[in-house]
Amino acid sequence: MTRPIVLMFVALLLITAGLGYYAYHLKAKVAAEEQRLAQQSQVVVPPASGPTTLVALYIASDQEGGLRRSSVNVALPQERSERARAILRALIGAYLQPGSQHPIGAGSDVRDIFLMGSNTAVVDTNAAFADAHPSGVLAEELTIASMVTTLNANDPQINQVKILVDGKERDTLAGHADLRRFYRANGIGQLLKDTP
Amino acid sequence: MQWPRPRAVPIAAAVLTIALLAGAACLLPHSIVQAQTPTASQLSIYSPQTFYTVPLLNLNGQPYVGLVDLLEPLGTVDAKPDGKKYKLKFALPGAREMEFQFQDGKDNGKIKGDKVKLPSNFAIQGGRGYVPLSSVSELLSRALATQIRLSPAARRLFIGNVGERLTLDLRKGTPSKLFVSFDSPVNPTIATEPGHIRFTFRREPVVATIEHENYADLLITGATFSEHDGIAELDVAGTSPLMANFADGGKTIVVSGAPPPPPQTAVMQTPLPQANVPQQTALPPKAPVGPRFLVLIDPAHGGTEIGSAITPTLPEKDVVLTLARKLQHELQGRGVSAGLLRNSDIAITLDQRAISANAARPAIYIALHAANSGKGVHVFTPLVDPANVSSRDFLPWDTAQAAYLELSGAVAGSVAAELESRKLPNATLAAPLRPMNNITAPAIAIEIASPSENVEDIGSAAYLDQVAQAIAAGLASMRGKVPEVRP
């Protein structure tokens, strides 16, 4: 074996080692970033400026298996769909608080709300909302019911809601609740633990 | 510097390729690199009490079986993986508990304190313990103290003296008939193709001493028996189309030539009874089959779809399968026919569940779920939008349940009343839970949660027994109140 070939082998081995080290470093970096994102408890806060309005939130409780009404002050935009989005972000923020009676996945958020006609809201959630949502028939139904009831309580014209994940339709939220359908506000009365 | 000689170029290219492949492998997600190749095959297990299948996992190039999957249908199982160690307590009904001890990556272990050596290493995957398929025969014979016959190639395992012997008897005549006889009634799937009729036995432990028979006959020329992929098959070859009739209460199948198709004019004519002309019938009239009260139990999830993670080592799919088996046992004890939509750790899509359930024509369909949050038992009834309820004969898939909503509510009420009488916390709710809305029968879903603050208590045998008894009592009391269906 001639010297140039030996040099080439050495060079290739060094490249291999370098590539391996780079890949290992990259993988560790990605894993750390994923862990950081998963642990990040994104608590949604309303816009700092502007007057606040008292809005009704229907908060789910896993132990009670139902929804209870509570009120919070939220700064609401003028535009109707933006207002609905701010209200739902306040609801999700409540679920992301430590000690929540109905914890949902860290990083959950509402990306957008589209109003179709006067009575239908299409809620576009982010991937974390579905991917990290606790799996279970009741847990998933409670989340959806609380979103539908909260929207209806603050904008009575909205009486049916469709939920998308990352702009797309999904079969289920986390393996159980059917996300292919429209949820009607008048079909949720059984879950209400107190009257408005 | 000299250029490398031509001979060295391929070597350098090979080294460079290896380097690039190594880099690419490092970039792959860890889970993908470690992923095991799932095999579509399964092991069929026949015992005197039950029939079940367990999925086979391909590890290190050979088939492995989950210990819990293997033992759970036969008795009570309590498995506790602890790091690399794996302990499993197993008890046959009414017998003393025995312990299995293994360690991930080791081929030796203990059963009831006695040392046992596996043909290859024990493996823990996702908190579940797996043993090589070739060791199953010895492990089961030690655990059950009975004879075990395993056919690894055929993926079939027989416990004790279970087995349906198949015998063939060709009775020559004009035309000839082949009598296929069994020890007890059988119910194979029958398929025909030109010159062949094939019987597939999925649930019956059919065995035969022959593999192939040739017949010097003008109609039936041979029969071949084979076992593969957990099933047994009998293929009968003929020179013209063949047909099968059951006789002797299902213990005998008579294979004969199929009658020629009737002329077209005969089909168009309305048959009229003729007083003085004896009517000819090709087949004896079938015995009328009465309506039956069948409860179809659907343990949710399965396979790679684990459902809710009750604990890191206790997935929902396992809890509901255990509950389903207990519920089936309780229903059968009350004289109610009960079937399981899945009796092993396999994945079934929601649409497949609905199709299978509707094909089974049950009197009641019940889906079982388990959750790691909440408390007690929730009974869910289907929720179909009134706007989508169809009154037409052709049912829309998504609202096929519409006509049965009232009966589904009655079934839920009956189950809730039994849960209440046993002081089990419960609530009844309507939910658009798939596949309930696709079921053409009274349908409910049950979701159980832990009875206490300790979420692991959801898997306790006493709690599951109590829930199964309450549900079974509620379902059994609906006999006569929901329409029984002809199979």
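Just so you know, these numbers come straight off a predicted model, no measurement behind them. (Residues numbered from 1 in each chain as written. Chains lettered and ligands numbered in written order. Predicted model: local features only at pLDDT ≥ 70, side-chain atom pairs only at ≥ 80, totals over all residues. Heavy atoms only, no water.)

Caption draft 1: Region of interest: the overall build of chain B. Secondary structure assignment for chain B yields nine helices and 30 strands. When burial is assessed residue by residue, chain B has 46% of its 487 residues classed as buried. In chain B, once contacts between residues fewer than 6 apart in sequence are set aside, the share between residues at least 24 apart is 61%. Of the roughly 24,700 Å² that chain B leaves accessible, carbon and sulfur atoms contribute 55%. (Helix = DSSP H or I, 4+ residues; strand = E, 2+ residues; numbered from the N terminus. Buried < 20%, exposed > 50% of the residue type's maximum accessible area, 1.4 Å probe, protein only. Contact = heavy atoms within 4.5 Å. Areas by Shrake-Rupley, 256 points an atom, 1.4 Å probe, with all protein chains shown as cover.)

Caption draft 2: Region of the structure containing the overall build of chain A. For chain A, the count of helices and strands is four helices and six strands. The linear arrangement of helices and strands in chain A, starting from the amino end, is α-β-β-α-β-β-α-α-β-β. A total of 196 residues make up chain A; the buried ones form 44% of that total. Considering only contacts in chain A between residues 6 or more positions apart, those separated by 24 or more positions represent 62%.

Caption draft 3: Summary view of empty space enclosed by the protein. The full count for this structure, using the stated rule, is one cavity of 30 Å³ or more. Approximately 50 Å³ is the volume attributed to the largest cavity. Considering the residues around the largest cavity, the lining is formed by L138(A), A139(A), A371(B), S373(B), G374(B), K375(B), H378(B), E447(B), I448(B) and A449(B). Residues of the lining of the largest cavity, tallied by class, amount to five nonpolar, three polar and two charged. (1 Å grid on protein atoms, 1.4 Å probe; cavity = no way out; pocket = protein on both sides within 12 Å on 5 of 7 lines; lining within 4 Å. Points joined across faces, edges and corners; volume = space filled by probe spheres on them. Nonpolar A, V, L, I, M, F, W, Y, C, P; charged D, E, K, R; others polar.)

Caption draft 4: Just the nonpolar core, in detail. V123(A), L151(A) and Y365(B) are the most contacted members of the largest nonpolar core, which totals 57 residues. Here Y365(B) is in contact with L296(B), D298(B), L341(B), A357(B), P435(B), M436(B), I439(B), P442(B), A443(B) and I444(B), once residues within four sequence places are set aside. Core analysis: the second largest hydrophobic core is formed by 40 residues, L323(B), V336(B), V377(B) and M478(B) among them. (Core = buried A, V, L, I, M, F, W, Y, C linked by side-chain atoms within 4.5 Å.)

Caption draft 5: Highlighting the packing of aromatic side chains. Applying the stated criterion across every chain, the model contains five aromatic pairs over all chains. Taking the centre distance of 5.4 Å and the plane angle of 45 degrees together, the rings of Y86(B) and F122(B) count as tilted. Of this pair, Y86(B) sits in strand β5 (residues 85-91) while F122(B) is found in the loop between β8 (114-117) and β9 (123-125), placing the two residues 36 residues apart along the sequence. Pair check on accessibility: Y86(B) and F122(B) agree, each one buried. Between F102(B) and F122(B) the ring centres are 4.8 Å apart and the planes differ by 10 degrees, which places this aromatic pair in the stacked class. Taken together, the residues span a long stretch of sequence, with F102(B) in strand β6 (residues 98-103) and F122(B) in the loop between β8 and β9 at a distance of 20 residues. As far as the burial class goes, F102(B) and F122(B) line up, both buried. Each residue in the set Y46(B), F51(B) and F158(B) is aromatic and connected to the rest through ring pairs, giving one cluster. For the cation-ring pair, K162(A) lies above F182(A), with the distance from its terminal atom to the ring centre recorded as 5.8 Å. The aromatic ring of F179(B) is capped on one face by R171(B), whose charged end is 3.8 Å from the ring centroid. (Phe/Tyr/Trp six-rings, centres within 6.5 Å; stacked < 30°, edge-to-face > 60°. Lys NZ or Arg CZ within 6 Å of the ring centre and 35° of its normal.)

Caption draft 6: Examining the packing of helix α6 (residues 316-333) of chain B against helix α9 (residues 461-476) of chain B more closely. Residue and element names in this part refer to chain B. The contact between α6 and α9 brings their axes to 8 Å, and the two run at 50 degrees. The pairing of α6 with α9 is recorded here as oblique in orientation. Regarding α6 and α9, the two cross each other, and that crossing is right-handed. Listed contacts from α9 to V319, T322, L323, K326, L327, E330 and L331 of α6 are A461, L464, D465, V467, A468, Q469, I471, A472, L475 and A476. Partitioned by chemical class, the residues of the contact of α6 with α9 number twelve nonpolar, two polar and three charged. (Axes fitted to C-alpha atoms, helices over the stretch in contact; angles between N-to-C directions. Parallel < 35°, antiparallel > 145°, perpendicular 65-115°, else oblique. Left-handed = near helix turned anticlockwise from the far one by under 90°.)

Caption draft 7: Representation of the sheet that holds strand β21 (residues 242-247) of chain B within the structure. Residues and elements named next belong to chain B. Taking strand neighbours across the sheet as the criterion, the five strands line up as β17-β13-β14-β22-β21 in an open arrangement whose pairing is mixed. Of all the strands in the sheet, just β17 (206-208) and β21 have a single pairing partner and so form its edges. Strand-to-strand twist in this sheet, taken as the mean axis angle between neighbours without regard to direction, amounts to 30 degrees. Sheet topology note: the strand β13 (residues 164-171)/β17 ladder contains three bridges and is parallel. Across the sheet, the residue bridging to R165 is V207, located in β17. (Pairing = 2+ DSSP bridges.)

Caption draft 8: Up close: the confidence of the model for chain A. Residues and elements named next belong to chain A. For chain A, per-residue confidence averages 87 on the pLDDT scale, and residues scoring 70 or more make up 87% of the total. Ranking the helices and strands of chain A by mean pLDDT puts strand β4 (residues 120-125) first, with 96, and helix α1 (residues 3-39) last, with 85. In this model, residues 41-46 is a region of pLDDT below 50 whose contacts with residues beyond four sequence positions or in other chains number 14 contacts. (pLDDT = per-residue confidence, 0-100.)

Caption draft 9: Representation of unusual backbone geometry. All names here are of chain B. Note that the residue after R434, namely P435, is joined by a cis bond; omega there is 5 degrees. With a phi close to 60 degrees, R155 is a non-glycine residue in the positive phi region. Position of R155 among the secondary structure elements: in the loop between β11 (148-151) and β12 (156-159).

Caption draft 10: Structural context of the pairing of β5(B). Residues and elements named next belong to chain B. The sheet contact formed by strand β4 (residues 76-82) and β5 spans seven bridges and is antiparallel. Counterpart to D78 in the pairing with β5 is K89. Connecting β4 to the antiparallel partner β5 that follows it, the hairpin turn spans two residues, and G83 within it adopts a positive phi of roughly 65 degrees. Alignment of β5 against β6, held across six bridges, turns out to be antiparallel. For L88, the partnering residue across the bridge sits in β6 and is F100. Taking the residues between adjacent antiparallel strands as the criterion, β5 and β6 are bridged by six residues, where G94 takes a positive phi near 75 degrees.

Caption draft 11: The sheet that holds β5(B), seen in detail. Residues and elements named next belong to chain B. On the basis of which strands lie adjacent, the open sheet formed by five strands has the order β4-β5-β6-β7-β8 and antiparallel pairing. What marks the edges here is a single partner per strand, and that holds for β4 and β8. Put simply, the sheet's adjacent strands are angled 20 degrees from each other on average, direction ignored. Pairing analysis gives two bridges linking β6 to strand β7 (residues 108-111), with the strands arranged antiparallel. Within β7, the position partnered with Q101 by the bridge is K110. Docked against the sheet, helix α4 (residues 136-144) engages β5, β6, β7 and β8, running at close to 160 degrees with respect to β8.

Caption draft 12: View of the side chain of N437(B). Within the element layout of this structure, N437(B) appears in the loop between β29 (426-431) and β30 (443-448). Ignoring any residue separated from it by four or fewer positions in sequence, one finds N437(B) in contact with P382(B), L383(B), V384(B), W397(B), D398(B), T399(B), A400(B), Q401(B) and P432(B).

Caption draft 13: View of a positive patch on the surface. A surface patch of like charges, here positive, comprises K80(B), K85(B), K87(B) and K89(B). The dominant element in the positive patch, judged by the number of residues it contributes, is β5(B), at three residues. (Patch = residues over 30% accessible without salt bridge, like charges linked within 9 Å, V, L, I, M, F, W, Y side chains within 5 Å. Salt bridge = Lys/Arg side-chain N within 4 Å of Asp/Glu carboxyl O. Lys, Arg positive; Asp, Glu negative; His and termini not counted. Charge placed at Lys NZ, Arg CZ, Asp CG, Glu CD.)

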